[in-house]
Amino acid sequence: MKLRSFLSMALVAFSTSAFAADDDTGLVCKKPEAQALLRSGFALQKDHNTDEALTKYQGCIELEPGCVSCLYEVGWSYWKRGEWQKVIDTWQAALKFEPQHARIKEFLPTARENLKIVESKNKVEVFRSKTDLMVESIPKDAPVTMSFVGRWQAYNPTPASPLDHFDRDIDSPKSASFSPDGAHVYVNSLEGSKTVVFDSTGLAKLTTIVHKFKGNEGFFDSKVPFDYVMPPVQKPNAFAGKPVESVSSHQGRYLWVPYYRRSYDENSTMVSAMAVIDTTDLKIKRVLATGPIAKYVQVSPDGKYLAVSHWGDNTIGLFDIQGKEPKDFKPIAKLTVDKPLSKKQMVGNRDKNCGFCVRGLAFSKDSRYLFVARMSKGGVAIFDLQGFAYLGTLFGIH
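Owing to the predicted nature of the structure, the values given are computational and were not obtained by experimental measurement.

### Details of the state of the cysteines
Then, number 1: Tallied over the full model, the rule gives 2 disulfides.
Then, number 2: Between Cys 29 and Cys 67 runs a disulfide, and the two sulfur atoms are separated by 2.0 Å. Between Cys 29 and Cys 67, the S-S dihedral sits near -85°, and the bridge is therefore left-handed. Taken together, the residues Cys 29 in the loop between β2 (10–12) and α1 (32–46) and Cys 67 in the loop between α2 (50–63) and α3 (68–81) connect sequence positions 38 residues apart.
Then, number 3: There is a disulfide in this structure between Cys 354 and Cys 357, and the S-S distance comes to 1.7 Å. Residues Cys 354 and Cys 357 are joined by a disulfide whose S-S torsion is about 60°; by sign, that bridge is right-handed. Of the two residues, Cys 354 and Cys 357, neither departs from the other in class, the shared state being buried.
Then, number 4: By sequence-ordered numbering of the bonded cysteines, the protein chain has its disulfides arranged as 1-2, 3-4.

### Re the pattern of salt bridges
Then, number 1: Throughout the structure, instances matching the rule amount to 19 salt bridges.
Then, number 2: The salt bridge involving Arg 168 is made with Asp 51; its shortest N-O contact spans 3.6 Å. Of this pair, Arg 168 sits in the loop between β5 (164–166) and β6 (173–178) while Asp 51 sits in helix α2, and the two are 117 residues apart along the sequence.
Then, number 3: Here Lys 140 makes a salt bridge to Glu 136, at a shortest N to O gap of 3.5 Å.
Then, number 4: Connected via shared salt-bridge partners are Asp 51, Arg 81, Glu 83, Lys 86 and Arg 168.

### Focus: the side chain of Ser 272
Then, number 1: Mapping Ser 272 onto the fold places it in strand β14 (residues 272–278).
Then, number 2: Looking at Ser 272, the relative accessible area reads 1%, which means it is buried.
Then, number 3: A distance of 2.5 Å separates a polar side-chain atom of Ser 272 from the backbone oxygen of Tyr 259.
Then, number 4: Look past the residues within four positions of Ser 272 in its chain and what remains in contact with it is Tyr 259, Tyr 260, Arg 261, Arg 262, Leu 288, Ala 289, Thr 290, Gly 291, Pro 292, Ile 293 and Ala 294.

### Observations regarding the sheet that holds strand β23 (residues 389–394)
Then, number 1: On the basis of which strands lie adjacent, the open sheet formed by 4 strands has the order β20-β21-β22-β23 and antiparallel pairing. If you trace the sheet from one side to the other, it starts and ends with β20 (358–363) and β23, each paired once. Adjacent strand axes in the sheet meet at a mean angle of 25° when their direction is disregarded.

### Considering the pairing of β6
Then, number 1: Two elements, β6 and strand β7 (residues 184–189), share 5 bridges in a ladder whose sense is antiparallel. Among the inter-strand pairings, Phe 178 is bridged to a residue of β7, identified as Val 185.
Then, number 2: Between β6 and β7, which follow one another and run antiparallel, lie 5 residues, and Gly 182 among them has a positive phi close to 75°.

### Quick notes on the environment of Arg 368
Then, number 1: If you trace the backbone, Arg 368 turns up in the loop between β20 and β21 (369–374).
Then, number 2: Remark: the alpha-carbon pair of Arg 368 and Phe 213, spanning 155 residues in sequence, is separated by 36 Å.
Then, number 3: Contacts of Arg 368, omitting those with residues within four sequence positions, involve Phe 383, Asp 384, Leu 385 and Gln 386.
Then, number 4: Among the polar contacts made by the side chain of Arg 368, one reaches the side chain of Tyr 369 at a distance of 3.4 Å.

### Some points on the packing of helix α4 (residues 84–97) against helix α5 (residues 102–118)
Then, number 1: Packing of α4 against α5 leaves a shortest axis separation of 9 Å and a crossing angle of 155°. Considered as vectors, α4 and α5 are oriented roughly antiparallel to each other. Relative to α5, α4 is oriented so that their crossing is left-handed. Facing α4, whose interface residues are Trp 84, Gln 85, Val 87, Ile 88, Trp 91, Gln 92, Ala 94 and Leu 95, α5 presents Ile 104, Lys 105, Phe 107, Leu 108, Ala 111, Arg 112, Asn 114, Leu 115 and Val 118.
Then, number 2: Here the residues of the contact of α4 with α5 sort into 12 nonpolar, 3 polar and 2 charged.

### Some thoughts on the environment of Pro 65
Then, number 1: Along the chain, Pro 65 falls in the loop between α2 and α3.
Then, number 2: Since its relative accessible area comes to 53%, Pro 65 is described here as exposed.
Then, number 3: Distance in space between the C-alpha atoms of Pro 65 and Ala 36 is 15 Å, their sequence separation being 29 residues.
Then, number 4: Once residues within four sequence positions are removed from consideration, Pro 65 is found in contact with Leu 71 and Phe 97.

### What to know about unusual backbone geometry
When glycine is set aside, most residues are seen to have a negative phi, and most peptide bonds are trans.
Then, number 1: Ile 138 connects to Pro 139 through a cis peptide bond whose omega is 0°.
Then, number 2: Within the secondary structure, Pro 139 sits in the loop between α5 and β3 (144–145).
Then, number 3: Non-glycine residue Leu 282 carries a positive phi angle of around 55°.
Then, number 4: Here Leu 282 shows up in the loop between β14 and β15 (283–290).
Then, number 5: A positive phi is found at Cys 357, a non-glycine position, where the angle reads about 50°.
Then, number 6: Counting through the fold element by element, Cys 357 comes out in the loop between β19 (330–336) and β20.

### Some points on the packing of aromatic side chains
Then, number 1: Applying the stated criterion across every chain, the model contains 17 aromatic pairs.
Then, number 2: An aromatic cluster of at least three residues, connected via ring pairs, comprises Phe 213, Phe 219, Phe 220, Phe 239, Tyr 259 and Tyr 264.
Then, number 3: The lysine or arginine in question, Lys 334, covers the ring of Tyr 228, its NZ or CZ lying 4.4 Å from the ring centre.
Then, number 4: Positioned above the aromatic ring of Phe 356, the side-chain terminus of Arg 374 is 3.9 Å from the ring centre.

Rules used in this analysis
- Residues numbered from 1 in each chain as written.
- Predicted model: local features only at pLDDT ≥ 70, side-chain atom pairs only at ≥ 80, totals over all residues.
- Heavy atoms only, no water.
- Disulfide = S-S within 2.5 Å.
- Helix = DSSP H or I, 4+ residues; strand = E, 2+ residues; numbered from the N terminus.
- Buried < 20%, exposed > 50% of the residue type's maximum accessible area, 1.4 Å probe, protein only.
- Salt bridge = Lys/Arg side-chain N within 4 Å of Asp/Glu carboxyl O.
- Polar contact = N/O pair within 3.5 Å; in protein donor to acceptor, adjacent residues only side chain to side chain.
- Contact = heavy atoms within 4.5 Å.
- Pairing = 2+ DSSP bridges.
- Axes fitted to C-alpha atoms, helices over the stretch in contact; angles between N-to-C directions.
- Parallel < 35°, antiparallel > 145°, perpendicular 65-115°, else oblique.
- Left-handed = near helix turned anticlockwise from the far one by under 90°.
- Nonpolar A, V, L, I, M, F, W, Y, C, P; charged D, E, K, R; others polar.
- Phe/Tyr/Trp six-rings, centres within 6.5 Å; stacked < 30°, edge-to-face > 60°.
- Lys NZ or Arg CZ within 6 Å of the ring centre and 35° of its normal.

Right under this line is the structure:
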């Protein structure tokens, strides 16, 4: 029998984090009043308040038209809004004052390319990879076929097609998963610090869950799990989380969303975290601390365990989730592949300096064994959860 499935949506966004500064130490204007507006705008932008930030930056430019730092940040705000001509005009103005501005020279060609896409004669149906809306997969007689019926994107603010949705909540979409009953689609916007929830077709947006905390919400435990230490910052639980993957548990009642890092942890070396969302009201109920760079997350078939891979230090966090309420969930073991990554090794590009870069997880059908993919240096590590023993790593698997 021929099966037919529909690709409910495509999520397309240009990353805005690649050239965003992590702190305001390099932002300088000559006039104190302009400098104050620049720093205020930067703080707003860091919390993803683009429109408010742009107002501050524009005030900065009115006071000091030649402040390159301010012109650069204005261009970034327009980039976030998908206003490519304004990005180009603003950055070209900045280059008149500082012709060798490294980041502008690096990313201005991309802005020009994005403008061409938006201004394409076929902009109603075309995006970066030239994939048309309402096309069907080939071959037509395949056992499963798909139709491209809609798109949510953050690069073209004026789409002509009603199937092409401009939405700033789609900010570097990292993953998408369906609820077990197929009623919801959960999309994690990594740089937006948001989980966007759609209906089963992907064509109706239901709500947006914001992963931003002041630290006093009552979501957090007083102690961090395993042998980790709370980050040495004034308010360690006041941060924006960068959601990566997700998985459902308890017949879809709870959605687990790990964070790549806490927003203040620029080098991704500190304790990260993982949100527990109650899908009955789509609200966060608890935030559990994890190891650095929490990535993949998986639930055992018997519903007893939840594992989250710590890309940042060769470990996996194991949690007991047998309870019915989030307050009952608890960390029970940290599993280590060969040896933990030392603090000295946690430097530079953490996407590469990650030891074995552990990520993918799978449980055996009887929930006894946990298999862990090592994306660096290869192999699949195996743990026996009866005693939480590391059995070793299998190599030569293709």
